[in-house]
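The lines below spell out each chain.
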Amino acid sequence: MNLIKRSIYALIILLIVGVGAGFFYYDNLTFVAVLNSVFMVSLAYIMLGCLMFVARGGFFDAITLSFRRFMKKGTKYGDIMDDVERMELPSEVFEYKATEPLLISGIIAFLATVLISFNI
């Protein structure tokens, strides 16, 4: 139930930002302008949600560890890298609570705008 509530809040924010972007970007506010701006904001939500999903899965952890290993062995900065190795990994730094609501609300708005655009 908490996921549904957060997804609805994210969708409401998406619609408000989309209408606001349509108001500021286009000269006159028409239905097509609002539809285009909501579409663009929903794509931003989907990209941000996918980035958070990939980061939470640990993809960037492997890249970070390999860069740390390379910097320690392959460069003259090996002494400095002892401090860097104790740093937390990207998947441990953040709490990814907004991943699913961003993806759900972005996909819903994306599909709604695509379906509405075919009927105009």
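Quick note: structure is the one above.
Residues numbered from 1 in each chain as written. Predicted model: local features only at pLDDT ≥ 70, side-chain atom pairs only at ≥ 80, totals over all residues. Heavy atoms only, no water.

Section: the environment of Ile107
Structurally, the position occupied by Ile107 is in helix H6 (residues 99–119). What makes Ile107 partly exposed here is its relative accessible area of 40%. Taking C-alpha positions, Ile107 is 8.2 Å from Leu43, a pair spaced 64 residues apart along the chain. (Helix = DSSP H or I, 4+ residues; strand = E, 2+ residues; numbered from the N terminus. Buried < 20%, exposed > 50% of the residue type's maximum accessible area, 1.4 Å probe, protein only.)

Brief notes about the pattern of salt bridges
This model, assessed by the stated rule, comprises one salt bridge. Among the ionic pairs, Arg56 bridges to Glu100, the shortest N-O distance being 2.9 Å. Here Glu100 lies in helix H6 and Arg56 lies in helix H2 (residues 31–57), a separation of 44 residues in the sequence. What makes Arg56 partly exposed here is its relative accessible area of 30%. (Salt bridge = Lys/Arg side-chain N within 4 Å of Asp/Glu carboxyl O.)

Considerations on a nonpolar patch on the surface
A contiguous nonpolar surface patch, about 690 Å² in accessible area, is contributed by Met1, Ile4, Ile8, Tyr9, Ile12 and Ile16. Along the chain, Ile4 turns up in helix H1 (residues 2–25). You can call Ile4 partly exposed: its relative accessible area is 49%. (Patch = residues over 30% accessible without salt bridge, like charges linked within 9 Å, V, L, I, M, F, W, Y side chains within 5 Å. Areas by Shrake-Rupley, 256 points an atom, 1.4 Å probe, with all protein chains shown as cover.)

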